[in-house]
Number of protein chains: 2
Amino acid sequence: MSSLFAERMGKTPRSFIRETLKVTECPDIISFAGGLPNPTVFPVRELAEVAKDVISDEGAAALQYATTEGYLPLREWVADRYAHRYGLSVSPDEILITHGSQQCLDLCGKVFIDKGTPVAIEEPGYLGAIQAFSLYEADFVPIKLEYDGPVIDDVRDSMEKKCRFFYGVPNSQNPSGVTWSETKRREVAGIIGSSDSMFIEDDAYGEIRFAGDIPTPVKKYIPDQVVMNGSFSKIITPGMRMGWVCAPKEVMTQLVTAKQATDLHSSILAQRIISRYLSEYPIDSYIRKITETYQKQCECMLNAIKKEFPDSVSYTIPDGGMFIWVTLPDGCSSLEVFNKALEKKIAVLPGIPFYTHGGGENTMRLNFSNSSFDQIEEGIRRLSEVLKTFTST
Amino acid sequence: MSSLFAERMGKTPRSFIRETLKVTECPDIISFAGGLPNPTVFPVRELAEVAKDVISDEGAAALQYATTEGYLPLREWVADRYAHRYGLSVSPDEILITHGSQQCLDLCGKVFIDKGTPVAIEEPGYLGAIQAFSLYEADFVPIKLEYDGPVIDDVRDSMEKKCRFFYGVPNSQNPSGVTWSETKRREVAGIIGSSDSMFIEDDAYGEIRFAGDIPTPVKKYIPDQVVMNGSFSKIITPGMRMGWVCAPKEVMTQLVTAKQATDLHSSILAQRIISRYLSEYPIDSYIRKITETYQKQCECMLNAIKKEFPDSVSYTIPDGGMFIWVTLPDGCSSLEVFNKALEKKIAVLPGIPFYTHGGGENTMRLNFSNSSFDQIEEGIRRLSEVLKTFTST
């Protein structure tokens with residue numbers, strides 16, 4: 001039967017994360033391996049009321065087939081948000097509601113990638129994007145990520161290699177936690193702006209920012225060459241799978257065609273629930289609550305790391321998002337750390353799957369948003385014991 | 001910028017249906033062009049209560065990220081339903097919950113179709129499938145549809161052409177309303193069973209059956225070579241975009257990988273709402289209500305057609321589903337009928353987009369599920385006036 005399967009299936013990594021999560025699902029394991037938002041801050045009571053009201057008041061309109069582009073008031077909310085937060089001027093016509101921001105990546109794969117098309121991606125890069133673009137048989141061109149963003153020479157090289165787009169996560173990147181500096185944003189915009197390529201600006205974590213000014217989106221500099229996506233997963237809840245993509249009109253026409261062939265439209269019930277929630281409750285104070293919660297969890301983990309980790313282990317200090325990226329000394333294997341840590345009931349995520357061309361054996365990702373302070377402190381203490389056995393040899 | 005777009009985008013028809021629906025959205029138009037379920041039978045009150053209860057009672061679990069395969073109780077319901085209705089023995093592990101049954105087609109495209117892969121499809125065929133498979137650059141092999149199912153010689157030829165699968169809708173097909181005879185189901189199963197190919201059995205309309213025995217799924221004969229999909233859109237409501245795909249385990253592994261890269265998982269909130277609705281309310285009596293409603297609408301339209309249409313116009317007599325297929329005399333153009341009918345505020349759907357290799361100029365699809373008796377009678381009367389001007393010349 002395997003001869004029936006498309007070639008692309010052999011090129012797509014089954015999610016290491018997914019397989020890992022299965023191992024780490026035991027309730028007695030402290031897991032820093034996943035990437036779940038903190039469910040203790042979900043607006044459960046509010047959403048229960050809103051869901052009932054939407055169906056009761058809006059009736060069949062909330063349950064019938066709907067337009068591919070999405071619910072207009074929700075697209076208007078996104079456009080307003082972009083205007084106020086980022087100073088971006090986009091029309092609701094440039095916004096399409098998707099089933100999570102992951103679906104934006106699938107749609108971009110459909111619209112931009114032929115078999116063997118070169119596409120640039122941060123290294124380490126977001127695994128969901130690697131999976132999505134692999135399904136369209138992209139030829140990945142890695143762009144090394146430093147503590148302040150991508151290596152600019154790599155970006156320039158990727159454009160010379162005729163990459164059709166560069167996909168990056170400038171705000172609190174998954175997996176690294178890195179936020180691009182303002183300088184690098186300008187430089188990347190300059191390079192892409194003088195090419196025929198696009199930038200796909202994944203902004204899933206843009207609202208989850210602990211401190212500092214709001215960074216300038218690359219889209220602000222080169223609006224006609226940027227496809228930007230966003231997510232309600234991190235600012236409301238992820239289970240409804242609601243996100244959006246914002247693209248120049250010529251690209252949007254293609255994205256809508258692709259979306260329609262993929263699943264007709266995004267759940268109109270979920271769109272109306274989120275739209276009504278946004279109109280009835282103060283989202284800014286809710287986002288502040290999430291952000292403060294994550295910031296405290298992040299500080300707790302950073303303090304524990306500072307106290308416990310061997311000096312030879314380095315790590316990022318995120319200004320937002322959900323992840324800390326850890327680099328072990330050269331020659332240390334995070335896969336071995338993973339296995340040893342599991343024996344101590346601690347789960348981490350080895351960094352290898354975030355690399356499209358090998359490497360990253362000595363890296364790992366730690367999630368801080370889904371553990372209590374006690375779990376974080378105890379988990380980092382046990383993880384440090386494992387790390388010490390590796391770094392002392 | 002168009003040089004950036006993938007080749008597939010040039011091969012994918014923008015939905016004629018979608019464009020047509022835009023023209024026909026004026027409230028004073030009687031539209032038989034769409035394919036909407038009848039919203040007057042949506043269980044609005046019940047779903048409002050269930051939605052609230054799911055969120056209140058199940059809390060964060062209904063709002064957090066979830067597994068790619070889907071909510072187990074819902075997959076168990078599908079497996080049970082298949083056992084009782086069709087005598088199929090499938091495990092919940094062979095079921096994946098999708099964002100509508102349209103997503104099953106996208107996932108099958110991902111899993112089975114390389115550029116130029118030959119795939120067989122009924123002619124006329126479901127437009128959503130033509131769009132989905134076009135995005136994977138399939139090479140369509142049409143299989144002519146007769147009043148009792150596919151032309152068997154065409155099926156045999158398609159296997160000789162090494163089609164990787166045959167996609168069909170054996171129950172109350174969209175667009176034709178045709179249900180395959182038992183004989184043809186056995187014959188198709190025999191031909192596919194002695195090949196290395198698969199059958200993709202789209203069963204979106206299987207539950208909407210007006211009369212007669214429950215037909216035998218092709219999957220009953222060759223379970224290991226059939227991917228079967230189903231939909232909650234026609235038996236509950238479509239707006240939540242909930243469907244499923246049932247596949248042999250080896251295929252399911254690939255489908256799950258594809259689903260994860262596409263949108264991680266289907267809305268867990270929608271899955272839990274539907275699962276709870278199915279456990280708290282008697283779905284059989286609800287489906288009976290839908291079926292009786294559609295049957296009456298169908299009979300109303302058939303009676304009006306019999307009374308009004310010129311004798312030279314033929315049409316199918318569906319035993320379920322939502323559509324009647326109309327064939328005009330050779331040389332009559334349904335596109336011209338469409339334009340003339342619009343002047344009389346009647347919308348029909350010309351049949352051309354349902355053909356992958358041209359043809360069908362004298363065919364059109366009529367939807368009966370979304371119009372009142374008065375609208376159906378008045379609409380068919382006005383449409384007949386148009387038809388008479390064509391058939392008399």
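In the annotation of an unreviewed UniProt entry, the entry for chain A reads Aspartate aminotransferase, and the organism field reads Methanospirillum stamsii. In UniProt, chain A has this text filed under Sequence similarities (unreviewed entry): "Belongs to the class-I pyridoxal-phosphate-dependent aminotransferase family." Taken verbatim from the UniProt record of chain A, the Subunit (unreviewed entry) comment is "Homodimer."

1. A short note on the side chain of Asn38(B)
All names here are of chain B. Tracing the chain through its elements places Asn38 in the loop between strand S1 (30-31) and helix H3 (44-58). Here the side chain of Asn38 touches Thr40 through a polar contact of 2.6 Å, side chain to side chain. Among residues more than four places away in sequence, those in contact with Asn38 are Thr293, Tyr294, Gln297, Ser369 and Asn370.

2. With respect to the sheet that holds strand S2 (residues 95-98) of chain B
Residue and element names in this part refer to chain B. Taken in spatial order, the 8 strands line up as S2-S9-S8-S7-S6-S3-S4-S5 in an open sheet, and their pairing is mixed. Only two strands of the sheet have a single neighbouring strand rather than two, namely S2 and strand S5 (149-150). For strand S6 (residues 165-168) and strand S7 (residues 198-202), the ladder comprises 4 bridges, and the chain directions are parallel. Pairing of Phe165 across the sheet is with Met198, part of S7. The strands that helix H7 (residues 152-160) touches are strand S3 (118-123), strand S4 (139-146), S5 and S6; relative to S4, the one it contacts most, it runs at about 165°. Here helix H10 (residues 249-263) sits on the sheet and contacts S2, S7, strand S8 (226-231) and strand S9 (243-246); the angle it forms with S2, its principal contact strand, is near 25°.

3. Thoughts on the pattern of salt bridges
Residue and element names in this part refer to chain A. One pass over the full model with this rule turns up 48 salt bridges over all chains. Of the charged contacts, one joins Lys345 and Asp28 as a salt bridge, the two residues approaching to 3.3 Å between their closest N and O atoms. Placement of Lys345 in the loop between helix H13 (334-343) and strand S12 (346-347) and of Asp28 in the loop between helix H2 (16-23) and strand S1 (30-31) is noted, with a sequence separation of 317 residues between them. For Lys345, a relative accessible area of 35% puts it in the partly exposed group. The network of salt bridges with shared partners includes Asp57, Glu58, Arg272, Arg276 and Glu280.

4. Thoughts on the packing of aromatic side chains
Applying the stated criterion across every chain, the model contains 33 aromatic pairs over all chains. With centroids separated by 6.2 Å and ring planes inclined at 65°, the aromatic side chains of Tyr82(A) and Trp244(A) adopt a geometry described as edge-to-face. Taken together, the residues span a long stretch of sequence, with Tyr82(A) in helix H4 (residues 72-86) and Trp244(A) in strand S9 (residues 243-246) at a distance of 162 residues. No difference in accessibility class separates Tyr82(A) from Trp244(A), as the two residues are buried. Grouped by ring-pair contacts, the aromatic residues Phe5(A), Phe112(B), Phe133(B), Phe165(B) and Tyr167(B) constitute a single cluster.

5. Looking at the relation of the copies chain A and chain B
Mapping chain A onto chain B leaves a residual RMSD of 0.0 Å; the transformation is a rotation of 180° accompanied by 0.0 Å of translation along its axis. What we have between these two chains is a two-fold relation. Proximity to the rotation axis, assessed at the C-alpha, singles out Lys52(A) in chain A; its C-alpha lies 2.6 Å from the axis. Mapped onto chain B, 100% of the interface residues of chain A are again interface residues, and the two copies thus contact each other with one and the same surface.

6. Observations regarding unusual backbone geometry
Omega for the peptide link from Asn174(A) to Pro175(A) comes to 20°, which places this bond in the cis form. Considering the arrangement of structural elements, one finds Pro175(A) in the loop between strand S6 (165-168) and helix H8 (182-193). The omega torsion of the bond from Glu123(B) to Pro124(B) falls at 0°, within 30 degrees of zero and hence cis. Relative to the helices and strands, Pro124(B) is located in the loop between S3 and helix H6 (127-134). The phi torsion at Leu264(A) lies on the positive side, around 70°, for a residue other than glycine. With respect to the secondary-structure elements, Leu264(A) resides in the loop between helix H10 (249-263) and helix H11 (268-280). With a phi close to 65°, Lys345(A) is a non-glycine residue in the positive phi region.

7. Digging into helix H13 (residues 334-343) of chain B
All names here are of chain B. Turning to H13, its buried residues are Ser334, Val337, Phe338, Ala341 and Leu342. Each buried residue of H13 sits inside an arc of 130° when the element is viewed along its axis, so together they form one side. The residue sitting at the N-terminus of H13 and contributing the capping side-chain oxygen is Ser333; that oxygen lies 3.3 Å from the backbone nitrogen of Leu335.

8. Section: the pairing of S2(B)
If a strand is regular, its side chains alternate between the two faces of the sheet. All names here are of chain B. Of the two faces of S2, both are covered, the one formed by Ile95 and Ile97 as well as the one formed by Leu96 and Thr98. Taken together, the 4 bridges between S2 and S9 define a ladder with antiparallel strand orientation. From the neighbouring strand, Leu96 faces S9, where its bridge partner is Val245.

9. Topic: the UniProt feature "domain: Aminotransferase class I/classII large" (unreviewed entry) in chain A
Feature annotation in UniProt places "domain: Aminotransferase class I/classII large" (unreviewed entry) on residues 43-383 of chain A, given in this structure's numbering. Annotated as residues 43-383 of chain A, this span is 44% helix and 16% strand, and its ends, taken at the C-alpha atoms, are 33 Å apart.

10. Section: the nonpolar core
In terms of nonpolar packing, the biggest core is built from 278 residues, with Phe112(A) and Phe112(B) touching the most fellow members. Those residues in contact with Phe112(B), other than ones at most four positions away along the chain, are Leu4(A), Phe5(A), Ala6(A), Thr117(B), Arg164(B), Phe165(B), Met198(B), Ile200(B), Val227(B) and Val251(B).

11. Thoughts on the interface of chain A and chain B
Each partner contributes residues to the interface: chain A has 78 residues there, and chain B has 78 residues. Summing the contributions of chain A and of chain B, the shared interface buries around 6,800 Å²; its carbon and sulfur component is 61%. Looking at the side of chain A facing chain B, the largest losses of area belong to Leu4(A), Leu63(A) and Tyr65(A), adding up to 11% of the total buried there. In this assembly, chain A and chain B are joined by 4 salt bridges. Of all the secondary-structure elements, those providing two or more residues to the side of chain A that touches chain B are helix H1 (7-11), H2, helix H3 (44-58), helix H5 (100-112), helix H6 (127-134), H10 and H11 of chain A. Residue composition of the side of chain A that touches chain B, by class: 34 nonpolar, 26 polar and 18 charged.

Scoring rules and cut-offs
Residues numbered from 1 in each chain as written. Chains lettered and ligands numbered in written order. Predicted model: local features only at pLDDT ≥ 70, side-chain atom pairs only at ≥ 80, totals over all residues. Heavy atoms only, no water. UniProt positions renumbered as here; feature names shortened; annotations may be inferred. Helix = DSSP H or I, 4+ residues; strand = E, 2+ residues; numbered from the N terminus. Polar contact = N/O pair within 3.5 Å; in protein donor to acceptor, adjacent residues only side chain to side chain. Contact = heavy atoms within 4.5 Å. Pairing = 2+ DSSP bridges. Axes fitted to C-alpha atoms, helices over the stretch in contact; angles between N-to-C directions. Salt bridge = Lys/Arg side-chain N within 4 Å of Asp/Glu carboxyl O. Buried < 20%, exposed > 50% of the residue type's maximum accessible area, 1.4 Å probe, protein only. Phe/Tyr/Trp six-rings, centres within 6.5 Å; stacked < 30°, edge-to-face > 60°. Least-squares fit on C-alpha atoms with pLDDT ≥ 70 in both. Arc of directions from axis to C-beta. Core = buried A, V, L, I, M, F, W, Y, C linked by side-chain atoms within 4.5 Å. Buried area = accessible area lost by both parts, 1.4 Å probe. Nonpolar A, V, L, I, M, F, W, Y, C, P; charged D, E, K, R; others polar.

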